[in-house]
Amino acid sequence: MKVAVVGATGMVGNVLLQVLAERNFPITELLVVASERSVGKQLEYKGKKYTVIGLQDAVDAHPDIALFSAGGTTSEIWAPKFAEVGCTVVDNSSAWRMDATKKLIVPEINGNILTKEDKIIANPNCSTIQLVMALAPLHKKYTMKRVVISTYQSVSGTGVKAVQQLEDETKGIKGEMAYHYPIHRNAIPHCDVFLENGYTKEEMKLVKEPKKILGDNSFSVTATAVRIPTAGGHSEAVNVQFENDFDLGEVRKLLHTTPGVVVQDNLDTNTYPMPIYAHTKDDVFVGRIRRDESQPNTLNMWIVADNLRKGAATNTIQIAEYLIENNLV
Ligand SMILES: NC(=O)c1ccc[n+]([C@@H]2O[C@H](COP(=O)([O-])OP(=O)(O)OC[C@H]3O[C@@H](n4cnc5c(N)ncnc54)[C@H](OP(=O)(O)O)[C@@H]3O)[C@@H](O)[C@H]2O)c1
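Computed from a predicted structure; not experimentally measured.

*Asks:* Summarise the pattern of salt bridges; cite the residues concerned and give the values.
*Replies:* Scanning the entire structure with this criterion turns up 15 salt bridges. The shortest N-O distance in the salt bridge between R23 and E321 comes to 2.8 Å. Separated by 298 residues along the polypeptide, R23 in the loop between α1 (11–22) and β2 (29–33) and E321 in helix α10 (residues 309–325) bring together distant segments of the chain. Residue classification places R23 among the partly exposed residues on the basis of a relative accessible area of 31%. Where K103 meets D118, a salt bridge forms, and the shortest distance between an N and an O atom there is 3.0 Å. Taken together, the positions of K103 in strand β7 (residues 103–104) and D118 in the loop between α4 (107–110) and β8 (120–122) put the pair 15 residues apart, joining distant regions of the chain.

*Asks:* Summarise the pairing of strand β9 (residues 144–153); cite the residues concerned and give the values.
*Replies:* For a regular strand, side-chain orientation follows a simple rule: the groups alternate between the two sheet faces. In the sheet, β9 pairs with strand β11 (residues 234–242) via eight bridges, with the strands oriented antiparallel. Among the inter-strand pairings, T151 is bridged to a residue of β11, identified as E236. One ladder, built from eight bridges, connects β9 with strand β10 (residues 220–227); its direction is parallel. When the bridges of β10 are listed, Q153 appears paired with R227.

*Asks:* Lay out the sheet that holds strand β1 (residues 2–6) with the relevant residues and their values.
*Replies:* In a beta sheet, neighbouring strands pair by backbone hydrogen bonds and run either parallel or antiparallel. One open sheet holds the six strands; their spatial order is β2-β1-β5-β6-β8-β7, and the pairing between them is parallel. Of all strands in the sheet, those with a lone pairing partner are β2 and β7, marking the two edges. Two elements, β7 and β8, share two bridges in a ladder whose sense is parallel. Among the inter-strand pairings, K103 is bridged to a residue of β8, identified as I121. Against the sheet, α10 makes contact with β5 (65–68), β6 (88–91) and β8, and its axis sits at roughly 165 degrees relative to β5, the strand it touches most.

*Asks:* Explain the packing of α1 against α10 residue by residue, including any values.
*Replies:* Where α1 meets α10, the axes come as close as 9 Å, and the angle between the chain directions of the two elements is 50 degrees. If you check the angle between α1 and α10, you find them oblique. Judged by the twist between their axes, the crossing of α1 over α10 is right-handed. Within the contact between the two elements, α1 uses V12, V15, L16, Q18, V19, L20 and E22 and α10 uses R309, A312, A313, T314, T316 and I317.

So, how was this worked out
- Each chain has its residues counted from 1, following the order in which its sequence is written.
- The predicted nature of this model means local features are confined to residues of pLDDT at least 70 and side-chain atom pairs, given and counted, to a pLDDT of 80 or more, with totals for whole chains, interfaces and linings taken over all residues.
- Calculation of side-chain values draws on the structure's entire complement of heavy atoms; hydrogens and water are dropped beforehand.
- Only one rule defines a salt bridge in this text: a Lys or Arg side-chain nitrogen within 4 Å of an Asp or Glu carboxyl oxygen.
- Working definition: helices are DSSP H or I runs of at least four residues, strands are E runs of at least two. Numbering for both runs from the N terminus.
- With a 1.4 Å probe rolled over the protein chains alone, any residue whose accessible area is under 20% of its type maximum counts as buried; one over 50% counts as exposed, and the rest are partly exposed.
- In this description, strands pair whenever DSSP reports at least two bridges between them.
- Contacts are assigned to residue pairs that have any heavy atoms within 4.5 Å of one another.
- Lines fitted to C-alpha atoms define the axes here, with helix axes fitted over just the stretch in contact, and angles between the N-to-C directions of these axes take values from 0 to 180 degrees.
- The scheme is simple: roughly parallel for angles under 35 degrees, roughly antiparallel for over 145, roughly perpendicular for 65 to 115, oblique for anything else.
- By definition, any crossing whose near helix is turned counterclockwise from its far helix by less than a right angle is left-handed, and any crossing with a clockwise turn is right-handed.

Now the structure itself:
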């Protein structure tokens, strides 16, 4: 496969290169692509140096697969140009996620809907991916009615600039600000931009994307997304009301047997998921599984994952692997 990594110099791009190498993705030629600012820079992949090229040069090279993580505007303009030359694009931005003509994929859940005709495939939002990984098996068994999510999101979700802001503030250095406020020793209830309904775009992604991925509009979702000074992963406090009652032991077993989900839930040993331990892992970790005693058929849980791995790079590459394994590219 001739593979282009678009946004290769960024936070997600860097992890894409790492995960491609780790999983020994079948690459015959690698193109590392970024903005004009980075053209000529050198990036390393499997110990070899690659020179960053611009978008037009990458299109002209006719890659088989392009993994995009260069922001929504770049995807809107350039993903169709890659698709036009026969390339299959897997896009990490929000540009195509809710487009009715594009599929929004978490391979373990709905990879089976992909076909050869899908030339631009959307990777869900990082907070959505870890959420649906835990919700999908429970929804199948007990049927969700309503989900309430509060997120505690890592600065790595905002990109290189935000990680730098936290590092600078930790060391007492006055540098460039990715956020309106200091993030060190703070919690900012503002992820992505505000919309007319008073929610942020990030919160509305959590409301809309799970329905598209699970192919079901019958449940409702509400969310509050908060940025906190961690770097290793996103955490989510999730309250789910089901149509049907459940047994806690069975819930744990269902999650335990779901590929890609790891249950960490032992109060005797203070075992529960935390971003510091989820960092660099591909799994979604679930713990603090307990009954909501204020309402029937309702569950509380705590979900943590590395937003740059399963929340972005790993899921993107799993989509590409699925396409190859099923001769769809
Ligand atoms: N961070 C996450 O957890 C996460 C998770 C899921 C999805 N995403 C999405 O992935 C995308 C990248 O996020 P990130 O966190 O990696 O951001 P980032 O660290 O700021 O990196 C942005 C990347 O995009 C490139 N880029 C920017 N403008 C470009 C242009 N006009 N043409 C070509 N390349 C351009 C940058 O190249 P230069 O270095 O040359 O500027 C850089 O490689 C975003 O759409 C984001 O929403 C991020």
